[in-house]
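# Observations on the three-dimensional arrangement
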Amino acid sequence: MSERMPVKFRGGGFAPTSKRGIGILVFVALIGFLEYGTRVGFISNLTMPRPSDVFSTFIDLWSSGLLWQHLAPSLMRLLVGASLGISAGIGIGVLVGLFSFIRAGLVPLVSALFPIPKIALLPLFVIWFGIDETSKYALIAFGTFTPTVVSTYGAVDNVDRSLIRMGQSFNLSWLSIVTKIVLPGAMPGILSGLRISLAIGIILLVAAEMLGAEYGIGAYILEAGSLYDLERLFTGVAILSVMGVTISAVVGLIEKRLLNWRV
Amino acid sequence: MDLFLENISHSYGETEVLQDISLSIPSGKILCIVGPSGCGKSTLLRLIGGLERPTSGQVIQLGSPPKDTINPLTYVFQDFALLPWRSVEKNISLVLEDHDIDRASRAEIITGVLARTKLTDFRKALPRQLSGGMKQRVALARALAVNPAVMLMDEPLSALDSQTRELLMDDLVSLWTRQPFTAVYVTHNLNEAVRLGHSIVVLSRRPGCIREIITIDKPLEEREVWDGELDQKQKYLWNLMREEAMAADQELLNV
Ligand SMILES: Nc1ncnc2c1ncn2[C@@H]1O[C@H](COP(=O)(O)OP(=O)(O)OP(=O)(O)O)[C@@H](O)[C@H]1O
Ligand SMILES: [Mg+2]
C-alpha cells in the first residue's frame, strides 16, 4: 500500500576529525592560483610578487646564511619573552582562579591592561629597559601575559567542582588538590589559551624588531617594506606564517600528549 | 567508632532544609536514608562528613577510628568523581599519596581493593574506557582503599541501569558480609533501601525531619530479589513516602 523508503540520515557532523593533507591542499591551491595569475598577467607584478620569485629570494637568503642571522635572534626573543609572559600568566591566572581576594584585586587590572595595544607601549619599554634585547623581551612577555591570565583563570573556574569536593573528602592536602586536580583539569583551557598567546607573541615580536633591531625577521620585513621590495617582504611574511604553523603544530602535539585522556 | 547527630538543623539562606535531626549511626551496620526529592538527604550526608557546617546542632564522633583507617569518613559519590586523566590504579593511588605509605604497601592496597571489586583486569584503563557500573566499582575500590570507619554513600547506584544496579547491590552485600563496614546510604530507591539497610530512616518533605525509623533484622545475605517480607517493608515505606509527596503537592495547591 504505502511506499517503502529508508529513513533519512540526519545525524553526523559537529565532530571535527583530523583530515590530513587538506590544510596543505589549501595552501598549494592558493599559491598555485597566485603563481598562475602573476604569470598569465591578470595579477600585476606590482600588486603581488610571484610566489616562485619569493621562493628564490628565500633560497638566496638561506644560502647566504642571512636566514639564520635573522631567524636566530627572533626565535630567541620569542622564546624568552613568551616563556616569561606565559609562565607568569599561568601562575597569576591560577592564583586568580583560586583566591577570591586576588581575583577581586587583579581581574579589573587585567581587564584594564588587556585592551591596551601593547605596541603603543614600546617607547615606554625602551625608556624603562633600554633599546636592546630587554625591552623586546618585556614587550613580548607583557603581550602574552594578559591573554594567558584570562584563559587560565577561566580554565580553573571550569574545573569540575565535584572533583575538588572529592579531593577534600579524602583529606588531600591543599597542594595536592591544586597540582593533581585543579591544574590537570584546567590544562585543556590553558593549552588552547596558549595558542592565542603565542600568536600574539609573534605579532609583538615583529613590532618590537621594527624599532632598533639590526637583525630579526621584523627588521628584515621593515627594511624590505621601506624599499618596496615585495619579494623580500613576502619572504619575511611567509617565514612568520611558517613560525605560526609550527608553533600551532607543537601545541597540538603537547595537547595530544597531555590530553590523551579526553574522549 | 559510632557517630551521633545531635539536633542538626540546616538552612540555606531563608530556606530551611533540615530540622532538628537526631540520629545514631552504629558501627558495622548500613543505615539507609530515604526521603522525597529535595528533602535534604545529600545535605545531611555532607554535614555528617564535615564537608559543610550545620546551622545548628553537631555531629559527634564517639571513640576513635580503627588504627589502620586512612580516611575515617569517606564518600562514594553519585557521579563517581573519578579523575578522567588518571588510570584506575592511579585514581586509587591518589587518595593514598598524601599519607605516609610506602610505595610497596600502596601497591599492595591497590591490588587488594581491585581484587575485592573485581577490577584487576582494568588496572591500567582510563575512566572513559569503563562502563558506568565499572566506574562506580572503581569509586568503591577507592573508598575501600582508605579503610574508612564510615562510608557515606550518596545515591551511589542512581546513575546506573537496573541490571547493573542489581549486580552492584550483590557486590555490596558480599563485601559487607566478608568484612562488615559502617555506611550511611542515601537513596531514593526503596528497593535498594530494603535490600541493603539494617535500618532505614524516612525523612519528611522539606524541611526534612525524621518521620520514622524502621529496622530490618533479616541478615543481608539472606535477602532475595523477590522476598515477601521485604516487599511488605517496601510497601510500607512507599505509603509513608507517598503521604509526604501528596502533602507536598497539597501545599503547592494552597499557596
Ligand atoms: N548549596 C546550596 N545552596 C542553596 N540551596 C541548596 C544548596 N544545596 C542544596 N540546596 C537546597 O536544599 C534542598 C535540599 O537539597 P538536597 O540536595 O540535600 O536534597 P536531596 O534530598 O538530596 O534531593 P535529591 O533527592 O534531589 O538528591 C533543596 O531544595 C536544594 O535546592
Ligand atoms: Mg541528593
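Right, let's walk through the structure included here. Bear in mind that the values here come from a model prediction, so they are computed numbers and not experimental data. (Residues numbered from 1 in each chain as written. Chains lettered and ligands numbered in written order. Predicted model: local features only at pLDDT ≥ 70, side-chain atom pairs only at ≥ 80, totals over all residues. Heavy atoms only, no water.)

Moving on to a nonpolar patch on the surface. A contiguous nonpolar surface patch, about 390 Å² in accessible area, is contributed by Phe27, Leu30, Ile31 and Val245 of chain A. The residue Val245 of chain A is located in helix α10 (residues 230-258) in this model. (Patch = residues over 30% accessible without salt bridge, like charges linked within 9 Å, V, L, I, M, F, W, Y side chains within 5 Å. Areas by Shrake-Rupley, 256 points an atom, 1.4 Å probe, with all protein chains shown as cover. Salt bridge = Lys/Arg side-chain N within 4 Å of Asp/Glu carboxyl O. Helix = DSSP H or I, 4+ residues; strand = E, 2+ residues; numbered from the N terminus.)

Turning our eyes to something else, we now look at unusual backbone geometry. For Tyr228 of chain A, which is not glycine, the phi torsion reads 50° and is therefore positive. Structurally, Tyr228 of chain A can be placed in the loop between α9 (217-226) and α10. Note on Tyr228 of chain A: relative accessible area 73%, which makes it exposed. Of note in the backbone geometry, Ala81 of chain B takes a positive phi value of approximately 50° without being a glycine. Mapped onto the elements, Ala81 of chain B comes out in the loop between β5 (73-76) and α2 (88-97). Relative accessible area serves as the criterion here: at 2%, Ala81 of chain B is assigned to the buried category. (Buried < 20%, exposed > 50% of the residue type's maximum accessible area, 1.4 Å probe, protein only.)

This brings us to the packing of aromatic side chains. All names here are of chain A. A full pass over the atoms with the stated rule returns 10 aromatic pairs over all chains. Geometrically, the ring pair formed by Phe58 and Trp62 is edge-to-face, given 6.2 Å between the ring centres and 65° between the ring planes. Remark: Trp62 and Phe58 occur in helix α2 (residues 51-63); sequence separation between them is four residues, near one turn of the helix. Given a relative accessible area of 23%, Phe58 falls into the partly exposed group. The class for Trp62 is exposed, based on a relative accessible area of 51%. (Phe/Tyr/Trp six-rings, centres within 6.5 Å; stacked < 30°, edge-to-face > 60°.)

Residues and elements named next belong to chain B. In terms of burial, strand β7 (residues 182-186) is a largely internal element, five of the five residues being buried. Judged by which residues are buried, β7 turns out to be covered on both faces: Thr182, Val184 and Val186 on one side and Ala183 and Tyr185 on the other are all buried. The sheet contact formed by strand β6 (residues 150-154) and β7 spans five bridges and is parallel. From the neighbouring strand, Asp154 faces β7, where its bridge partner is Val186. With respect to chirality, the unit in which β6 leads through helix α5 (residues 162-178) into the neighbouring parallel β7 is right-handed. (Pairing = 2+ DSSP bridges. Right-handed = clockwise from strand over helix to strand, strands pointing away.)

Next up on the list: the sheet that holds strand β4 (residues 56-62) of chain B. All names here are of chain B. With antiparallel pairing, three strands are arranged side by side in an open sheet as β2-β1-β4. Here the strands that pair on one side only, and so sit at the sheet edges, are β2 (15-25) and β4. Shown here is a sheet whose adjacent strand axes are inclined to one another by a mean of 10°, direction ignored. In the sheet, strand β1 (residues 2-12) pairs with β2 via seven bridges, with the strands oriented antiparallel. Bridge pairing in β2 links Leu5 to Leu23. Against the sheet, helix α1 (residues 41-48) makes contact with β1, β2 and β4, and its axis sits at roughly 125° relative to β1, the strand it touches most. (Axes fitted to C-alpha atoms, helices over the stretch in contact; angles between N-to-C directions. Contact = heavy atoms within 4.5 Å.)

What follows concerns the interface of chain A and chain B. Taken together, the contact pairs 19 residues of chain A with 25 residues of chain B. Three residues, Phe170, Lys180 and Trp261 of chain A, lead the burial of chain A against chain B; their summed loss comes to 37% of the area buried on that side. Between the two partners, chain A and chain B, sit two salt bridges. Across the pair Asp98 of chain B and Lys180 of chain A runs a salt bridge whose closest N-O atoms are separated by 3.7 Å. Among the secondary structure elements, those contributing two or more residues to the side of chain A that touches chain B are α7 (161-169) and α8 (174-209) of chain A. The element that contributes the greatest number of residues to the side of chain A that touches chain B is α7 of chain A, accounting for six residues. (Buried area = accessible area lost by both parts, 1.4 Å probe.)

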